[in-house]
Amino acid sequence: MLPAGDYDISIETEGGESNTLRTKINTFSISSSSGSPYTSIKQMATGTLLGVVSFSASVPYEISEVSAQTASDGLQGGAGLTNVVIKDEITKEVLSTFIGAPALSAYQSKIVGVYGDIESFTSGYIHGTVTVTINDFVGKKQSTFISAPFSVSVSGI
């Protein structure tokens, strides 16, 4: 829970205090944005970009799992939101094709898009987050992070 940075650490017991050791706390960053920040997306659209999430770590890491959580408000007259997938925004590959890929370098970012089909005849909103689980190669630890929410509005054709 400490902010990233360099820290001096020592252990104090009944027998005294240890030598000081300098250590560095590394970070993971994750951010999100709407898939259409300046305009509404259309009803009855397929393969629509709903949100974009980018993440990186200050240590070498590998992606263990990435998943999208989505919900819709006000969409009626059809199935609402279906066929939600996550794609690498650079290669446009569907997520499952890069899970278990070679390790990413320290500070190397990954940008993913959340896509879905909108099957509704009414206007509304779609909200979502992305959960990212990584394995870091320094601490040999698995960590899970949740993006800030993204939101898009759906309007008439």
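Heads up: these notes are all about the structure in this document.

Criteria and thresholds
- Residues numbered from 1 in each chain as written.
- Predicted model: local features only at pLDDT ≥ 70, side-chain atom pairs only at ≥ 80, totals over all residues.
- Heavy atoms only, no water.
- Helix = DSSP H or I, 4+ residues; strand = E, 2+ residues; numbered from the N terminus.
- Buried < 20%, exposed > 50% of the residue type's maximum accessible area, 1.4 Å probe, protein only.
- Contact = heavy atoms within 4.5 Å.
- Areas by Shrake-Rupley, 256 points an atom, 1.4 Å probe, with all protein chains shown as cover.
- Phe/Tyr/Trp six-rings, centres within 6.5 Å; stacked < 30°, edge-to-face > 60°.
- Lys NZ or Arg CZ within 6 Å of the ring centre and 35° of its normal.
- Pairing = 2+ DSSP bridges.
- Axes fitted to C-alpha atoms, helices over the stretch in contact; angles between N-to-C directions.
- Salt bridge = Lys/Arg side-chain N within 4 Å of Asp/Glu carboxyl O.
- Core = buried A, V, L, I, M, F, W, Y, C linked by side-chain atoms within 4.5 Å.

Digging into the overall build of the protein
Thinking step 1. Along the backbone of the protein there are 0 helices and 13 strands.
Thinking step 2. The secondary structure elements of the protein, listed N-terminal to C-terminal, are β-β-β-β-β-β-β-β-β-β-β-β-β.
Thinking step 3. Split into buried and exposed, the 157 residues of the protein put 34% on the buried side.
Thinking step 4. In the protein, of all internal contacts separated by at least 6 residues, the share reaching a separation of at least 24 is 72%.
Thinking step 5. Only carbon and sulfur atoms are counted for the fraction: they give 54% of the accessible area of the protein, which is about 9,000 Å².

Overview of the packing of aromatic side chains
Thinking step 1. Under the defined criterion, the tally for this structure stands at 0 aromatic pairs.
Thinking step 2. Taking NZ or CZ as reference, K87 lies 4.8 Å from the ring centre of Y115, over its face.

What about the sheet that holds strand β5 (residues 28-34)?
Thinking step 1. Taken in spatial order, the 4 strands make up an open sheet running β5-β7-β10-β9, and their pairing is antiparallel. With partners counted over all chains shown, the strands left at the sheet margins are β5 and β9 (80-88), one partner each. Adjacent strand axes in the sheet meet at a mean angle of 20° when their direction is disregarded.

Digging into the pattern of salt bridges
Between side chains of opposite charge, pairing is possible as soon as their charged atoms come close.
Thinking step 1. Tallied over the entire structure, the rule returns 3 salt bridges.
Thinking step 2. The partner of D8 in a salt bridge is R22, with the nearest N and O atoms 3.0 Å apart. Placement of D8 in strand β1 (residues 5-9) and of R22 in strand β4 (residues 21-25) is noted, with a sequence separation of 14 residues between them. You'll find D8 and R22 in the same group, each marked exposed.
Thinking step 3. Residue K92 pairs with E89 through a salt bridge whose shortest N-O separation is 3.2 Å.
Thinking step 4. Residue classification places K92 among the partly exposed residues on the basis of a relative accessible area of 43%.

With respect to the environment of L50
Thinking step 1. Here L50 is to be found in strand β7 (residues 45-57).
Thinking step 2. With 63 residues separating them in the primary sequence, L50 and G113 have C-alpha atoms 7.4 Å apart.
Thinking step 3. Contacts of L50, omitting those with residues within four sequence positions, involve S34, G35, I41, L81, V114, Y115, G116, I118, I126, F150 and V152.

Brief notes about the nonpolar core
Thinking step 1. Residues L50, F55, V66, I118 and I126 are the most contacted members of the largest nonpolar core, which totals 25 residues.
Thinking step 2. Of all the secondary structure elements, the ones that give two or more residues to this core are β7, β8 (61-73), β9, β10 (110-119), β11 (124-136) and β13 (150-155).
Thinking step 3. Setting aside residues up to four positions removed in sequence, F55 forms contacts with F28, S29, I30, Y61, I63, V66, Q108, S109, K110, V112 and V132.

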